[in-house]
Every structure is written in structure tokens, then in C-alpha cells.
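Examining the three-dimensional arrangement
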Amino acid sequence: MRLRLALHYTGQMFLRLGLATVIVVGNTLIMKEQITLFSYLLFLIAASRLYDPLSGAMVNMAELFAVNLLSM
């Protein structure tokens, strides 16, 4: 059970790290004037729309593991 819980939290950490990476890299590209603010905002919206369903799927998977462990 602890391993599954640890895997869930590790997955959540990587998802949040991915979104943070998008923000940091986007800010760096804006400061170097390699992209415009508009394109950065569009990319940020796209990235957040990608990470939200993945986060929800990980929560659902953790709940399924918890139900499976309780029924054993």
C-alpha cells in the first residue's frame, strides 16, 4: 500500500514539475525575446489543459488502488 501511495505522490510531483518547467522556460524565452507574450500564454494554456486531465486520472487511479486494497 505504501508503494502505491508513494507512486501516486511521485506522479503528482512530476506533473507539477512539468508545469513549473513550462512556466520557467517560457519566462526565459520571453526575456530573451525569442517568443511573444501572446504565444507564451497560448502555450501555457495548452500545457495546463494537458496536465489537468492527467492529474485527475492519477487521483482516480489512486482511489481505485485504495478500493482494491480495502476489498482484499
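Below: a short report on this structure.

**Some details on the overall build of the protein**
Each helix and strand in the protein was counted, giving two helices and zero strands. Taking all 72 residues of the protein together, the buried fraction comes to 15%. Within the protein, counting contacts between residues at least 6 apart in sequence, those at least 24 apart form 64% of the total.

**As for the environment of Arg16**
Locating Arg16 in the fold gives a position in helix H1 (residues 2–31). For Arg16, a relative accessible area of 63% corresponds to the exposed category. When the C-alpha positions of Arg16 and Asp52 are compared, they lie 9.9 Å apart, and in sequence the two are 36 residues distant.

**Considerations on a nonpolar patch on the surface**
Taken together, the side chains of Met13, Phe14 and Leu17 make up a nonpolar region of the molecular surface, amounting to roughly 330 Å² of accessible area. With respect to the helices, strands and loops of the structure, Phe14 is situated in helix H1.

**What about the nonpolar core?**
Soluble globular proteins: nonpolar side chains tend toward being buried together. Leu15, Val22, Ala47, Tyr51 and Met58 form the largest nonpolar core, which has five residues in total. When contributions to this core are tallied by element, the ones reaching two or more residues are H1 and helix H2 (37–71). Residue contributions to this core peak at three residues, all from H2. Every residue in contact with Tyr51, bar those within four places of it in the chain, is listed here: Leu15, Gly18 and Leu19.

**Focus: the environment of Val22**
Among the secondary structure elements, Val22 is positioned in helix H1. Overall, Val22 belongs to the buried group, its relative accessible area being 16%. Along the primary structure Val22 and Ala47 are separated by 25 residues, whereas in three dimensions their C-alpha atoms are 7.5 Å apart. Excluding residues that lie within four positions of it along the chain, Val22 makes contacts with Tyr40, Phe43, Leu44 and Ala47.

The rules behind these values
- Residues numbered from 1 in each chain as written.
- Predicted model: local features only at pLDDT ≥ 70, side-chain atom pairs only at ≥ 80, totals over all residues.
- Heavy atoms only, no water.
- Helix = DSSP H or I, 4+ residues; strand = E, 2+ residues; numbered from the N terminus.
- Buried < 20%, exposed > 50% of the residue type's maximum accessible area, 1.4 Å probe, protein only.
- Contact = heavy atoms within 4.5 Å.
- Patch = residues over 30% accessible without salt bridge, like charges linked within 9 Å, V, L, I, M, F, W, Y side chains within 5 Å.
- Areas by Shrake-Rupley, 256 points an atom, 1.4 Å probe, with all protein chains shown as cover.
- Salt bridge = Lys/Arg side-chain N within 4 Å of Asp/Glu carboxyl O.
- Core = buried A, V, L, I, M, F, W, Y, C linked by side-chain atoms within 4.5 Å.

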